[in-house]
Amino acid sequence: MRTDQPQTIYLSEYKVPAYLVEQIELRFELFEDGARVHSTLTVRRNPESQETGKPLELDGDSLKLESVALNGETLESTAYEDRGDKLVVPDVPEQFQLAVVTWIEPQNNTRLEGLYKSSGMFCTQCEAEGFRCITYYPDRPDVMARFRTRIEADKSAYPVLLSNGNPVEQGDLDNGRHFVTWEDPFPKPSYLFALVAGDLVEKRDSFTTCSGRDIDLRMYVEPRNSEKCDFAMDSLKRAMRWDEEVYGREYDLDIFMIVAVDDFNMGAMENKGLNIFNSSCVLASQETATDAIFQRIEAIVAHEYFHNWSGNRVTCRDWFQLSLKEGFTVFRDAQFSADEGSPTVKRIEDATLLRTAQFAEDAGPMAHPVRPASYIEIGNFYTLTIYEKGEEVVRMIHNLLGSEMFRKGSDLYFERHDGQAVTTDDFVKAMEDASGRDLTQFRLWYEQAGTPVLNVEDDFDAEQGVYRLTIRQTVPDTPGQTNKKPQHIPFALGLLDSNGDALPLNMDAAETDAPTERVLEITGAEHRFEFYGLDEKPVPSLLRDFSAPVRVHYPWAREQLLFLMSHDPDGFNRWDAGQRLAIDVIQSLIGHDDETEIEPRLVESYRGLLNNDSLDQALVAKMLQLPSENYLVELSEQADVPSIHHARERVLLHLANALRDDLLACYQRNNQAGEYELTSDAIARRSLKNIALGWLLHIGDEEALALATEQFQNADNMTDRLGALRALVNSGFDQERTEALDAFYEQFQHDPQVVEMWFSVQSASHKTGQLPHIRHLLGHEAFDWKNPNKVRSVVGAFAGQNLPAFHNPDGSGYEFLAEVICRLDDSNPQIAARLVTPLSRWKKFAPTYSEQMKKALESIRDKEALSKDVYEVVHKSLA
Ligand code: 0A1
Ligand code: ZN
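- Looking at an unreviewed UniProt entry, one finds the chain named Aminopeptidase N, with Marinobacter persicus as its source organism.

## Quick look at the overall build of the chain
Phase 1: Within the chain one finds 28 helices and 31 strands.
Phase 2: What you see for the chain is a C-alpha radius of gyration of 28 Å, in line with the 29 Å of a compact globule of 879 residues.
Phase 3: Based on the C-alpha atoms only, the size of the chain along its principal axes is roughly 90 × 70 × 60 Å.
Phase 4: A buried classification covers 49% of the 879 residues belonging to the chain.
Phase 5: Across the chain, contacts joining residues at least 24 apart in sequence account for 70% of those joining residues at least 6 apart.

## Thoughts on the pairing of strand 2 (residues 19-31)
Phase 1: Pairing analysis gives 12 bridges linking strand 2 to strand 3 (residues 34-45), with the strands arranged antiparallel. Residue pairing in the sheet places Phe-28 in a bridge with Val-37 of strand 3.
Phase 2: Two elements, strand 2 and strand 12 (residues 145-154), share seven bridges in a ladder whose sense is parallel. Note that in strand 12 the partner of Ile-24 across the bridge is Phe-147.

## Structural notes on the sheet that holds strand 18 (residues 214-221)
Sheet strands pair by backbone hydrogen bonding; their relative direction is either parallel or antiparallel.
Phase 1: On the basis of which strands lie adjacent, the open sheet formed by five strands has the order 17-18-19-21-20 and mixed pairing. The open sheet has two edge strands, strand 17 (201-208) and strand 20 (268-269), and neither has a second partner.
Phase 2: Note that strand 19 (residues 255-261) and strand 21 (residues 274-278) share five bridges and pair parallel. By the bridge assignment, Ile-258 is partnered in strand 21 with Asn-275.

## Some words on the site of ligand 1
Phase 1: In the region of ligand 1, 14 residues are neighbours, and Glu-127, Met-266, Ala-268, Met-269 and Tyr-382 sit closest.
Phase 2: Among the residues forming the shell around ligand 1, the class breakdown is five nonpolar, five polar and four charged.

## Description of helix 10 (residues 571-589)
Phase 1: An ideal rise of 1.5 Å per residue puts 27 Å on 19 residues; helix 10 measures up with 28 Å between its terminal C-alpha atoms.
Phase 2: The buried count for helix 10 comes to 15 of 19 residues, which makes it a mostly enclosed element.
Phase 3: Within two residues after helix 10, Gly-591 carries a phi angle of roughly 80°, on the positive side.

## Side note on the sheet that holds strand 25 (residues 453-461)
Phase 1: Strand order in the open sheet formed by four strands is 29-26-25-31, with mixed pairing between adjacent strands. Of all the strands in the sheet, the pair left with one neighbour each is strand 29 (526-531) and strand 31 (551-553). Direction aside, the axes of adjacent strands within the sheet are offset by 25° on average.
Phase 2: Sheet topology places strand 26 (residues 466-474) next to strand 29; six bridges connect them, and they run antiparallel. For Thr-470, the partnering residue across the bridge sits in strand 29 and is Arg-528.

## Section: the UniProt feature "domain: Peptidase M1 alanyl aminopeptidase Ig-like fold" (unreviewed entry) in the chain
Phase 1: UniProt's feature table lists "domain: Peptidase M1 alanyl aminopeptidase Ig-like fold" (unreviewed entry) at residues 450-554, given in the numbering used throughout.
Phase 2: Here residues 450-554 runs as 0% helix and 43% strand, with 20 Å between its end C-alpha atoms.

## Thoughts on the packing of helix 9 (residues 558-567) against helix 10
Two measures define how a pair of helices packs: the angle their axes make with one another and the distance between the axes.
Phase 1: Between helix 9 and helix 10, whose axes approach to 8 Å, the crossing angle comes to 145°. Where helix 9 crosses over helix 10, the two elements pack in a sense that is left-handed. Each of Arg-558, Leu-561, Leu-562, Leu-564 and Met-565 in helix 9 lies in contact with helix 10, whose residues at this interface are Asn-573, Arg-574, Ala-577, Gly-578, Arg-580, Leu-581 and Asp-584.
Phase 2: Of the residues in the contact of helix 9 with helix 10, the class split is six nonpolar, two polar and four charged.

## Some thoughts on the nonpolar core
Phase 1: Judged by nonpolar contacts, the single largest core of 250 residues is most densely connected at Val-196 and Val-259.
Phase 2: Residue contacts for Val-259: discarding those within four places in its chain leaves Cys-123, Leu-162, Val-196, Tyr-220, Leu-274, Ile-276 and Phe-277.

## What to know about the pairing of strand 5 (residues 64-70)
Phase 1: The pairing of strand 5 with strand 9 (residues 95-104) spans six bridges and is antiparallel. Paired with Leu-65 across the two strands is Thr-102, which belongs to strand 9.
Phase 2: Examined bridge by bridge, strand 5 and strand 6 (residues 73-74) share two bridges and lie antiparallel to one another. Among the inter-strand pairings, Leu-70 is bridged to a residue of strand 6, identified as Glu-73.
Phase 3: Between strand 5 and strand 6, which pair antiparallel one after the other, the connecting turn spans two residues, and Asn-71 there sits at a positive phi close to 45°.

## What about the environment of Tyr-247?
Phase 1: The residue Tyr-247 is located in helix 1 (residues 230-247) in this model.
Phase 2: The exposure class assigned to Tyr-247 is partly exposed, which follows from the 18 C-beta atoms found within 10 Å.
Phase 3: A sequence separation of 600 residues divides Tyr-247 from Pro-847, and the C-alpha atoms of the two residues are 51 Å apart.

## Considerations on the domain arrangement of the chain
Often, the extent of an interface is quoted as the loss of accessible area on bringing the components together.
Phase 1: Under the domain assignment used here, the chain contains domain 1 (1-199), domain 2 (200-312), domain 3 (314-446) and domain 4 (453-555).
Phase 2: Computed over C-alpha atoms only, the centres of domain 2 and domain 4 are separated by 42 Å.

## Some details on the environment of Phe-207
Phase 1: When you line up the elements, Phe-207 lands in strand 17.
Phase 2: Taking the C-beta count within 10 Å as the criterion, Phe-207 has 18 such neighbours and is therefore assigned partly exposed.
Phase 3: When the C-alpha positions of Phe-207 and Lys-237 are compared, they lie 6.6 Å apart, and in sequence the two are 30 residues distant.
Phase 4: Apart from the residues within four sequence positions on either side, Phe-207 is in contact with Ile-215, Leu-217, Lys-237 and Met-240.

## Looking at the environment of Gly-723
Phase 1: Looking at where Gly-723 falls in the secondary structure, it is placed in helix 18 (residues 718-729).
Phase 2: Considered as a pair, Gly-723 and Thr-290 are 433 residues apart in the sequence and their alpha carbons are 9.0 Å apart.
Phase 3: If sequence neighbours within four positions are ignored, Gly-723 has contacts with Asn-690 and Leu-693.

## Points about the UniProt feature "domain: Peptidase M1 alanyl aminopeptidase C-terminal" (unreviewed entry) in the chain
Phase 1: According to UniProt, the positions carrying the feature "domain: Peptidase M1 alanyl aminopeptidase C-terminal" (unreviewed entry) are residues 559-879.
Phase 2: As annotated, residues 559-879 comprises 73% helix and 0% strand, and the C-alpha atoms at either end are separated by 44 Å.

## A short note on the confidence of the model for the chain
Phase 1: For the chain, per-residue confidence averages 98 on the pLDDT scale, and residues scoring 70 or more make up 100% of the total.
Phase 2: Here the predicted complex scores 0.99 on pTM and 0.99 on ipTM.

## Some remarks on the packing of helix 16 (residues 680-698) against helix 17 (residues 702-714)
Phase 1: At a minimum axis separation of 8 Å, helix 16 and helix 17 run at an interaxial angle of 130°. In terms of orientation, helix 16 and helix 17 fall into the oblique class. Considering only the axes of helix 16 and helix 17, their crossing is left-handed. Contact residues: Leu-693, Leu-696 and Leu-697 in helix 16; Ala-704, Leu-705, Leu-707 and Ala-708 in helix 17.

## Overview of unusual backbone geometry
Phase 1: Of note, the bond from Glu-127 into Ala-128 is cis; its omega dihedral lies within 30 degrees of zero at -5°.
Phase 2: For Asn-71, which is not a glycine, the phi torsion comes out positive at approximately 45°.
Phase 3: With respect to the secondary-structure elements, Asn-71 resides in the loop between strand 5 and strand 6.
Phase 4: Positive phi outside glycine occurs at Ala-865, with the angle close to 50°.
Phase 5: Looking at where Ala-865 falls in the secondary structure, it is placed in the loop between helix 27 (847-861) and helix 28 (868-878).
Phase 6: The exposure class assigned to Ala-865 is exposed, which follows from the 8 C-beta atoms found within 10 Å.

What counts and what doesn't
- Residues numbered from 1 in each chain as written.
- Chains lettered and ligands numbered in written order.
- Predicted model: local features only at pLDDT ≥ 70, side-chain atom pairs only at ≥ 80, totals over all residues.
- Helix = DSSP H or I, 4+ residues; strand = E, 2+ residues; numbered from the N terminus.
- Rg over C-alpha atoms; globule rule 2.2 N^0.38 Å.
- Buried ≥ 20, exposed ≤ 12 C-beta atoms within 10 Å, placed from the backbone.
- Contact = placed C-beta atoms within 7 Å.
- Pairing = 2+ DSSP bridges.
- Near = placed C-beta within 6 Å.
- Nonpolar A, V, L, I, M, F, W, Y, C, P; charged D, E, K, R; others polar.
- Expected span 1.5 Å × (residues − 1).
- Axes fitted to C-alpha atoms, helices over the stretch in contact; angles between N-to-C directions.
- UniProt positions renumbered as here; feature names shortened; annotations may be inferred.
- Left-handed = near helix turned anticlockwise from the far one by under 90°.
- Core = buried A, V, L, I, M, F, W, Y, C linked by C-beta atoms within 7 Å.
- Domains from an automatic or database assignment.
- pLDDT = per-residue confidence, 0-100.
- Parallel < 35°, antiparallel > 145°, perpendicular 65-115°, else oblique.

Below, the structure is given as structure tokens:
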């Protein structure tokens with residue numbers, strides 16, 4: 001048990017830095033048994049700081065201090081204090097140079113923060129507070145310095161030496177060593193520093209910017225990955241062009257580099273001019289990556305590139321402002337993906353993630369505002385709330401202002417704050433100043449946690465021809481926040497007549513020529529809207545395109561949902577109506593015996609979808625997918641996972657049996673030979689085909705088994721091969737499942753990204769993902785505790801996606817997860833803390849489950865020397 005209480009950091013205690021760093025000169029001597037880091041800082045007192053005479057305090061973590069020199073004079077150890085996490089130098093002049101030498105051990109760094117080794121190469125991860133694991137430094141984003149970095153290493157083992165900016169010098173040294181010096185002309189915070197040294201192949205391309213500058217584009221990967229770079233490179237060029245066209249943002253350095261590393265805690269990192277990626281988020285080929293992975297790579301490459309403006313040129317003042325860069329950048333990458341593919345499908349995917357996982361976070365013990373007010377460990381705040389809800393907040397500003405004003409606001413923001421470290425409030429202010437709109441109440445979205453709930457009622461006055469909507473909003477209590485104020489909510493609405501035609505929304509009796517869609521603005525606790533000139537009670541289409549991240553309650557009749565599924569001109573709401581109908585049907589079966597009738601109109605609507613070739617096929621593919629077990633859990637009060645699973649399975653089996661011939665026809669229609677393409681139509685076809693195959697195998701169809709085997713063996717792309725594998729794994733055909741899994745591993749065992757898919761297909765499957773098999777996978781030759789992707793693909797998939805196995809009523813799933821978390825806490829606390837999430841939701845489950853989940857949390861709490869990462873999540877969960 002940890003006896004000391006880690007410190008909480010508060011936004012209200014923010015103070016400007018007492019010292020500023022103008023320039024930092026770094027020299028890295030890289031060896032196999034460690035690295036020596038020489039750092040020379042040019043420092044001056046911050047004229048804006050009130051704290052005159054304050055000692056210089058530099059942050060450090062796991063460093064061995066070798067020497068300190070002030071203005072060239074080596075200091076006696078009595079002239080400074082080495083507190084481990086701080087280096088304090090009491091007597092410093094107004095301006096000075098401080099030279100610090102530290103010794104670090106990248107080869108033993110399993111936390112993957114700071115400088116570490118991955119597959120034999122050196123690489124860094126400095127966001128949020130990793131730079132302090134490299135050298136003593138004011139490691140906070142509002143200290144922005146110019147970096148000059150010299151890297152020295154063995155030339156044959158590490159021929160490639162990279163850092164931020166431009167290479168300015170290179171040469172050979174004694175003993176087979178060499179060096180390269182890099183200079184970054186843009187002042188930056190330490191979290192954007194990066195270094196890479198390795199034996200990597202270089203892939204080159206170029207991009208000509210809108211002003212005619214030629215940019216050198218380079219990707220660095222291990223030689224075995226050299227054929228997996230083209231898609232990322234192409235995505236990068238498309239993102240660069242898009243950012244010029246849509247946001248007027250041009251790239252600013254002469255070189256832009258991307259490096260792929262296998263061991264990485266997150267997806268990727270936007271270090272200035274030198275983005276570092278988790279291999280699984282950048283490397284792809286037709287044979288090894290699914291369509292979903294291609295789309296993820298496109299989005300992440302764009303995301304990291306867009307950060308060059310939204311994050312790097314304009315950065316965050318402190319880590320409470322994290323959503324300033326993340327919310328805005330996710331919004332930008334979502335717009336890019338929408339423009340490159342199917343906008344409706346992109347919106348459906350984003351809303352699904354938000355409603356399934358962010359709403360759950362917002363209703364759980366770790367709920368926090370988009371701009372949090374306090375934290376213990378900032379690593380725990382790279383959350384769905386900061387990223388995804390943060391995106392929604394920016395999207396709502398876009399919805400309220402319109403595209404043109406939003407662009408004016410973004411131009412003003414970049415112009416006003418270029419080179420500065422600012423706050424979310426500065427962002428909102430720029431939007432206000434450019435548009436003339438008052439966003440005072442809107443700012444509550446940054447301050448109040450919790451998902452607002454809208455209760456919608458309607459009535460129709462047939463005599464007057466008036467339709468009335470009454471909308472009441474409440475914002476639920478969250479830890480530390482009660483009695484919240486109403487928020488400013490853009491609510492997009494349409495009304496349909498009984499033919500499915502869009503009605504004009506006359507909001508004043510005399511109005512003519514009214515639009516058929518409006519964005520209503522809800523600001524009070526209760527609002528009433530009236531629509532005139534109607535002959536019959538319309539069917540409302542509420543919160544179109546998911547115009548705000550809120551829960552909407554309206555007493556939908558199944559009739560209305562079926563009607564919207566086939567008539568709503570808003571694609572998102574068509575899909576949403578289908579989801580609501582399926583949820584209603586599944587929920588009505590929970591706790592009832594297997595004789596209860598399943599809504600026959602659900603089958604007919606799915607039949608209609610399967611045979612609908614006039615609708616966007618990408619939308620059809622989404623509409624066919626039943627709501628996930630995770631979402632059904634999120635929607636319930638006291639979740640009983642086996643009952644939810646059973647009810648959903650009943651619906652799935654019923655649909656698959658009733659639609660057997662339609663599914664087979666759908667499979668055949670979409671199983672066309674031809675060149676592999678990544679167009680949204682081709683992606684939709686593969687998706688439809690694989691959904692049909694999965695359903696058919698689920699009901700044990702022999703004809704489909706033959707098709708799946710054929711597809712598994714002969715597919716020319718990973719989407720189809722994995723689609724067939726997944727269908728086989730989730731089927732009752734035991735022998736074919738085993739054969740396919742063995743053959744797949746045999747074929748792809750040398751490709752870590754594919755082996756990760758192989759792990760997660762098994763771990764997430766109700767058929768194979770039982771605990772003994774999960775333990776078996778942990779002992780597999782390809783499993784590696786030190787590699788976060790492997791941990792995620794086995795343990796993450798089991799606890800996060802395989803709900804019936806994880807929530808085994810005997811509690812074994814929870815005990816297992818607690819054991820894994822304790823083990824990982826010693827080597828990689830960031831990854832360990834993320835794995836606590838499924839347990840942290842214990843209050844959401846029926847008592848037999850929640851009591852055992854709580855026990856598992858308590859067992860983690862009692863571990864010796866718990867990291868502050870895990871401490872924070874576990875303690876807040878148990879509070
Ligand atoms: N800023 C990166 C994500 C990132 C965050 C933290 C990391 O280490 C703790 C690593 C990467 C992004 O938004 O892509
Ligand atoms: Zn980001």
